[in-house]
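# A structural walkthrough
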Amino acid sequence: MPTADSPDGPVVSEELYAPIGEVELCYQTFGDPDDEPLLLVMGLSGPMTWWDQVFCERLAAAGFHVVRYDNRDTGRSSRVAAPVRHDQLLRAFATGRAHAPYSMSDLAGDAVALLDHLGLESAHVVGVSMGGMIAQTVAIEHPSRVRSLTSISSTTGRRTVGWQHPALLPRLIAPRKAGREAYIASSVAMWALIGSAGYPSDPESLRTRAGETFDRGVSTSGVLRQMMAILTQPDRTPRLRELRIPALVLHGTADKMVHVSGGRATAAAIPGAELVLIDGMGHDLPPELFDTFVEAIARTAARAG
């Protein structure tokens, strides 16, 4: 691993913890703290390690001080003590209205509190899937904290765009078997459905990542709580139209988890946003596209001046 004196790559920190009220967030940084701060926000059930280390290092090499973290209820961050019943989840799917243990605003508040903990007045914020929803909410509710916004494979919260493929619904709400091997098997099966057809993942690599994810900490009830935050989120379209920051929207045309209409609607709502659609990309971050992502994020950040 590179060190502060190494010419071979950016500095990578050990995992650290930030107390955020009653929640503790696990985070890690890459690169020079004097570089432009960039916050990476992961999606549903994903720990920060789903932002591949190589990708983080490339962002650091492009001049960013990169921060990645586990959202509450994922990885090594705190779990929230609030069960979600099956009927509540079904009601939220059907109507968008149900009691949720926490909201998208709460998750955005975690991100802002982490910036406070790090002594950062603002940052370039990049979010994928649910992380894109969180990033958009940070920009809306805490505009002074966001230098530029990149929303990947995400949507506005409007229920008529960014829908899931019908084949995914049974898998999303089905009871999950306990144990490491069961988690790995279900994870590989899910990524086979929602991954990038144009950039297929090696099954063994998926198994390795799933095992590492399980070992970091997986909470079935935490996934349900995050799903409730997603399903009960408001339509951000009117407030996205008020943003006056550089914005980039990246979306795969083959995304089955969040239909590409969600990306198109996001870009249409944010004044001056750049929309980049990638053929063959699904709901993952293929290594073959890392350079494309880094260049686009850097281009957007440069617009912030």
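Everything that follows concerns the structure shown earlier in this document.
Structural notes, computed from the coordinates. Bear in mind the structure is a predicted one, so any value in this text is a computation, not a measurement. (Residues numbered from 1 in each chain as written. Predicted model: local features only at pLDDT ≥ 70, side-chain atom pairs only at ≥ 80, totals over all residues. Heavy atoms only, no water.)

Moving on to the overall build of the protein chain. Secondary structure assignment for the protein chain yields 11 helices and 8 strands. Here the C-alpha atoms of the protein chain give a radius of gyration of 18 Å, agreeing with the 19 Å that 2.2 N^0.38 yields for 305 residues. If one aligns the C-alpha atoms of the protein chain with their principal axes, the spans along those axes are about 50 × 40 × 40 Å. Every one of the 305 residues in the protein chain was classed for burial, and the buried ones make up 54%. Surface summary for the protein chain: the accessible area is close to 13,000 Å², and the carbon and sulfur share equals 54%. Where the 28 positive side-chain charges of the protein chain centre and where its 34 negative ones centre are 11 Å apart. (Helix = DSSP H or I, 4+ residues; strand = E, 2+ residues; numbered from the N terminus. Rg over C-alpha atoms; globule rule 2.2 N^0.38 Å. Buried < 20%, exposed > 50% of the residue type's maximum accessible area, 1.4 Å probe, protein only. Areas by Shrake-Rupley, 256 points an atom, 1.4 Å probe, with all protein chains shown as cover. Lys, Arg positive; Asp, Glu negative; His and termini not counted. Charge placed at Lys NZ, Arg CZ, Asp CG, Glu CD.)

What follows covers the sheet that holds strand β6 (residues 146-152). Taken in spatial order, the 8 strands of this open sheet run β1-β2-β4-β3-β5-β6-β7-β8, and their pairing is mixed. Lying at the two open borders of the sheet, with one neighbouring strand each, are β1 (16-20) and β8 (274-278). Each strand of the sheet is rotated relative to its neighbour by a mean of 25°, with strand direction disregarded. Where strand β7 (residues 247-252) meets β8, 5 bridges bridge the pair, whose relative direction is parallel. The residue bridging Gly 252 from the neighbouring strand is Ile 278, located in β8. (Pairing = 2+ DSSP bridges. Axes fitted to C-alpha atoms, helices over the stretch in contact; angles between N-to-C directions.)

Turning our attention to the state of the cysteines. By the definition in use, this model includes 0 disulfides. No disulfide involves Cys 26; its nearest neighbouring cysteine sulfur is the one of Cys 56, lying 13 Å away. (Disulfide = S-S within 2.5 Å.)

Right, let's talk about the environment of Ala 267 for a bit. For Ala 267, the position within the fold is in helix α10 (residues 260-269). What makes Ala 267 buried here is its relative accessible area of 11%. It is 9.3 Å that separates the C-alpha atoms of Ala 267 and Thr 155, two residues lying 112 residues apart in sequence.

So, about the packing of aromatic side chains. This structure, assessed with the given rule, holds 5 aromatic pairs. Where Trp 50 meets Trp 191, the ring centres are 5.5 Å apart and the plane angle is 75°; that geometry is what we call edge-to-face. Here Trp 50 is found in the loop between β3 (36-41) and α1 (53-61), whereas its partner Trp 191 is found in helix α6 (residues 180-194), with 141 residues between them in sequence. Assigned by exposure class, Trp 50 and Trp 191 land together as buried. Here the aromatic cluster, defined as three or more aromatic residues joined through ring pairs, consists of Trp 51, Phe 55, Phe 290 and Phe 293. Positioned above the aromatic ring of Tyr 102, the side-chain terminus of Arg 72 is 4.8 Å from the ring centre. The cationic tip of Arg 209 hangs over the ring face of Trp 50; the distance from NZ or CZ to the ring centre is 4.6 Å. (Phe/Tyr/Trp six-rings, centres within 6.5 Å; stacked < 30°, edge-to-face > 60°. Lys NZ or Arg CZ within 6 Å of the ring centre and 35° of its normal.)

Formed by 51 residues in total, the largest nonpolar core has its most connected members in Trp 51, Leu 59, Val 66 and Phe 293. Setting aside anything within four residues of it in sequence, one finds Leu 59 in contact with Leu 38, Leu 40, Phe 64, Val 66, Val 294 and Ile 297. Within the second largest apolar cluster, 41 residues are counted, among which are Ala 18, Leu 25, Leu 114 and Leu 240. (Core = buried A, V, L, I, M, F, W, Y, C linked by side-chain atoms within 4.5 Å. Contact = heavy atoms within 4.5 Å.)

Next up on the list: the pattern of salt bridges. Overall, the coordinates contain 15 salt bridges when judged by the stated rule. The shortest N-O distance in the salt bridge between Arg 216 and Asp 70 comes to 2.5 Å. One end of the pair, Arg 216, is in helix α7 (residues 203-216); the other, Asp 70, is in the loop between β4 (64-69) and α2 (86-95), with 146 residues separating them in the sequence. Considered together, Arg 216 and Asp 70 belong to a single accessibility category, that of buried residues. The shortest N-O distance in the salt bridge between Glu 181 and Arg 207 comes to 3.3 Å. Separated by 26 residues along the polypeptide, Glu 181 in helix α6 and Arg 207 in helix α7 bring together distant segments of the chain. For Glu 181, a relative accessible area of 48% translates into the label partly exposed. Residues participating in the shared-partner salt-bridge network are Glu 15, Asp 70, Arg 76 and Arg 216. (Salt bridge = Lys/Arg side-chain N within 4 Å of Asp/Glu carboxyl O.)

The topology assignment puts Val 84 in the loop between β4 and α2. Sequence separation of Val 84 and Arg 225 is 141 residues, and the distance between their C-alpha atoms is 6.5 Å. In this structure Val 84 touches Pro 101, Leu 224, Arg 225 and Met 228, once residues within four positions along its chain are discounted.

Turning to the pairing of β6, a few remarks are in order. Of all 7 residues in β6, 6 are buried, a share of seventy percent or more. Here strand β5 (residues 123-128) pairs with β6 via 6 bridges, running parallel. Across the sheet, Gly 127 pairs through a bridge with Ser 151, a residue of β6. By the bridge criterion, 4 bridges tie β6 to β7 in an arrangement that is parallel. Across the sheet, residue Thr 150 finds its bridge partner in β7, namely Leu 248.

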